[in-house]
Amino acid sequence: MPEIARWEDLERDRPEIALNGTQLLYQHGAGLAYLATQRKDGGFRIHPFCPVVTAEGIYGLIGDSPKRDDLARGGSFAIHAFPKPDGDDEFMLAGRAVRRLTNEREIATVADAYHATGSTSSGDEWTFEFLIDRALLSPYEADEGGKQIWPSRYFTWQAK
């Protein structure tokens with residue numbers, strides 16, 4: 001089983017990946033990304049969701065849904081940021097989600113960060129922290145005319 005780490009570990013080890021990844025996640029104001037989870041039968045689901053990045057971790061407030069059931073059952077996930085309107089830069093995280101139940105300060109911090117972006121919630125969501133085993137950032141450079149230069153560069157990180 002791969003090692004897993006918190007968002008703060010990624011920030012410490014590879015700040016350029018964390019910074020650029022955060023910019024991609026929050027490019028529209030609220031955090032926006034695709035969340036891939038694993039169904040009970042082993043297949044995959046992909047859903048849009050609103051990730052929440054705090055100083056310590058990356059989280060999701062997940063309402064009653066198949067994706068919540070998937071995370072509660074097995075926890076495997078991949079997060080992929082929405083693409084930029086004018087480019088194909090990519091940011092991806094993968095690992096295991098863990099439901100946070102007992103640390104009221106942590107849960108409140110996540111909810112406050114979520115609502116600070118203008119996002120709303122019903123208040124009955126479960127708070128999951130996404131513990132990371134790997135991260136990928138793939139930015140494209142542009143030529144003088146603004147056209148993307150292929151291939152992009154790849155920056156990776158693996159939890160220790």
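Here the structure is shown first, and the text comes after it.
As a convention, each chain's residues are numbered from 1 in the sequence order in which they are written. Residues qualify for local features only when their pLDDT is at least 70, as the model is predicted, and side-chain atom pairs are given and counted only at 80 or more; totals for whole chains, interfaces and linings, by contrast, use all residues. With hydrogens and water stripped out, all remaining heavy atoms of the structure feed into the side-chain values.

1. Some thoughts on the overall build of the chain
Tallying secondary structure elements over the chain gives four helices and 10 strands in all. Tracing the chain from N to C terminus, the helices and strands come up as α-α-β-β-β-β-α-β-β-α-β-β-β-β. We compute the radius of gyration from the C-alpha atoms alone; for a globule the expected value is 2.2 Å times N to the 0.38, where N is the number of residues. Taking 15 Å as the expected radius of gyration for a compact globule of 160 residues, we find that the chain reaches 16 Å, a close match to that expectation. For the chain, the spread of C-alpha atoms along the three principal axes comes to 50 × 35 × 30 Å. Areas reported here follow the Shrake-Rupley algorithm with a probe of radius 1.4 Å; residue values treat only the protein chains shown as occluding. Taken as a whole, the chain presents about 8,600 Å² of accessible surface, with 52% of it coming from carbon and sulfur. Only four residue types enter the tally: Lys and Arg on the positive side, Asp and Glu on the negative side, with His and both chain ends excluded. Charge positions are represented by NZ for Lys, CZ for Arg, CG for Asp and CD for Glu. Counting 18 positive and 25 negative side-chain charges, the chain places the centres of these two groups 5 Å from one another. Strands are runs of DSSP state E lasting at least two residues, helices are runs of H or I lasting at least four, and both sets are numbered from the N terminus onward.

2. Focus: the packing of aromatic side chains
Any two rings among Phe, Tyr and Trp, with Trp reduced to its six-membered ring, count as a pair given centres within 6.5 Å; such a pair is stacked if its planes are under 30 degrees apart, edge-to-face if over 60, and tilted if neither. This model, assessed by the stated rule, comprises five aromatic pairs. For the pair Phe77 and Phe130, a centre-to-centre distance of 4.8 Å together with 65 degrees between the ring planes defines the contact as edge-to-face. Pair noted here: Phe77 is in strand 5 (residues 76–81) and Phe130 is in strand 7 (residues 126–138), with a separation of 53 residues, a long-range link. Residue classification places Phe77 among the buried positions, given a relative accessible area of 6%. Taken together through their ring pairs, the aromatic side chains of Phe49, Phe77 and Phe130 make up a single cluster. For a Lys NZ or an Arg CZ to count as sitting over a ring, it must be within 6 Å of the ring centre and within 35 degrees of the ring normal. Sitting above the plane of the Trp126 ring, Arg68 keeps its charged end 3.9 Å from the centroid. Taking the ring centre of Trp126 as reference, the NZ or CZ of Arg99 above it sits at 3.6 Å. Remark: exposure states derive from per-residue accessible area (1.4 Å probe, protein chains only) relative to the maximum for the residue type, with buried under 20%, exposed over 50%, and partly exposed in between.

3. A closer look at the side chain of Thr54
With respect to the helices and strands, the residue Thr54 is situated in the loop between strand 3 (51–53) and strand 4 (58–62). Overall, the relative accessible area of 11% leaves Thr54 in the buried class. When checking whether two residues touch, look at their non-hydrogen atoms; a contact exists if any pair is within 4.5 Å. If near-sequence neighbours (up to four positions away) are discounted, Thr54 is found in contact with Trp7, Tyr59, Thr109, Val110 and Ala113.

4. What to know about helix 4 (residues 104–116)
Note that an α-helix has 3.6 residues per turn; residues three or four places apart therefore point the same way. Expected helix span is given by 1.5 Å per residue-to-residue step, counting one fewer step than there are residues. Between its first and last C-alpha atoms helix 4 spans 18 Å; for 13 residues at 1.5 Å apiece the expected length is 18 Å, and the two agree. Inspection of helix 4 places Glu106, Ile107, Val110 and Tyr114 among the buried residues, and these make up the whole buried set. Within helix 4, the buried residues cover an arc of 100 degrees as seen down the axis, which keeps them to one side. With respect to the buried face of helix 4, the exposed residues turned more than 90 degrees away are Glu104, Arg105, Asp112 and Ala116. Where helix 4 is buried, its residues meet strand 3, strand 4, strand 6 (90–100) and strand 7. Between a side-chain oxygen at the N-terminus of helix 4 and the backbone nitrogen of Arg105 the separation is 3.2 Å; the capping residue is Asn103. One or two positions beyond helix 4, positive phi appears at Gly118, with a value near 95 degrees. Think of it as the arc spanned by the lines of direction from the helix axis to the C-beta atoms. Counted as a polar contact is a pair of N or O atoms within 3.5 Å, where, for protein atoms, one must be capable of donating a hydrogen and the other of accepting one, and residues adjacent in sequence contribute only when both atoms are in side chains.

5. Considerations on the environment of Gly42
Following the sequence through the fold, Gly42 ends up in the loop between strand 1 (33–38) and strand 2 (44–49). With 92 residues separating them along the chain, Gly42 and Arg134 place their C-alpha atoms 21 Å apart.

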